[in-house]
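Notes for the structure review
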Amino acid sequence: MPELEHSHHPEDIRHRLETGRRTSYLRDGILGGIDGCVTTFAVVASVAGAGLPGLIALGLGLSSLIADGFSMGVSNYQGVKSERDALDQARATENSHIRHVPDGEREEIRQIFARKGFEGEVLEEIVDTISADESLWVDTMLREEHGLELDGADPVRAALWTFSAFVLVGAIPLLPFMSPAIGVDLAFVASSLLTAITFFGIGFVKGVMLGEGHLRSGLETLLMGGGAAIIAYLVGGVFEPMMTEMGLAISK
């Protein structure tokens, strides 16, 4: 028998069901980390492409890190909050339907569980049991009819995870530019290596937490994040200098 991730002893099962499922903010952290890394690498690429001093890369990178990180955190907050608002609205609607058209709502429960293969007396017992408890009735409709998750993420925590990961991970490409002794070209090479290692590390940690293949997860994230970083390099390192030269020509 393969090794299982948790026990199936009746007491252990009861404890897990009573405890409930823990909300994971892994997605928020990974999203913020990758986006932060790509954002600051784009700044680094544009500065290196334009041949500007490393201190400019550091200053622009830090300002972009805070501003974009805050913006992303706020966006994630609004996104998660909208999901919670949709859940609250759907709950209010179902409560109203149960109070005003209970027979219609009972029929919905009947058809939902009939589609799962229940029939006859067993089906009617299920309908009677669920409709006897209004809270259970509403929760069942939210899950089965609307496909909603009842234990969603907290908007504030989701925003903080995104912002924190964005700032902490996004600061990594800027580290080589903190030393004035390192030239811009060498700092850019070091920043590129650190960015690649960071992408692989994010994927590796995700693989560990989800029980997936560590190396495979790391390489997948490296390829996806690396692709985004390459695009950022092309945009920042190629087009930015062109725009700078055009601006200088126009000013003259």
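Residues numbered from 1 in each chain as written. Predicted model: local features only at pLDDT ≥ 70, side-chain atom pairs only at ≥ 80, totals over all residues. Heavy atoms only, no water.

1. A word on the pattern of salt bridges
The criterion, for reference: In the sections that follow, a salt bridge refers to a side-chain nitrogen of Lys or Arg positioned within 4 Å of a carboxyl oxygen of Asp or Glu. Strands here mean DSSP runs of E at least two residues long; helices mean DSSP runs of H or I at least four residues long; both are numbered from the N terminus. Only protein chains enter the accessibility calculation, which uses a 1.4 Å probe; a residue is then buried when its area is under 20% of its type maximum, exposed when over 50%, and partly exposed in between.
Tallied over the full model, the rule gives nine salt bridges. Here Arg106 makes a salt bridge to Asp128, at a shortest N to O gap of 2.9 Å. Within this pair, whereas Arg106 is found in helix α4 (residues 102-114), its partner Asp128 is found in helix α5 (residues 120-131), the two being separated by 22 residues in sequence. We classify Asp128 as partly exposed; its relative accessible area is 41%. Glu124 is the salt-bridge partner of Arg110, the closest N and O atoms lying 2.9 Å from each other. Of this pair, Arg110 sits in helix α4 while Glu124 sits in helix α5, and the two are 14 residues apart along the sequence. Exposure remark for Glu124: the relative accessible area of 31% places this residue in the partly exposed category. Each of Glu107, Arg110 and Glu124 takes part in one network of salt bridges that share partners.

2. Structural notes on the UniProt feature "transmembrane region" (unreviewed entry) in the chain
For clarity, the threshold we go by: UniProt positions are given in the numbering used here, feature names are shortened, and annotations may be inferred rather than shown by experiment.
Here, UniProt's "transmembrane region" (unreviewed entry) annotation points to residues 158-175, 187-209 and 221-239. The span residues 158-175 shows a helical share of 72% and a strand share of 0%, and its end C-alpha atoms are spaced 26 Å apart. As a span, residues 187-209 carries 100% helix and 0% strand, and end to end its C-alpha atoms are 32 Å apart.

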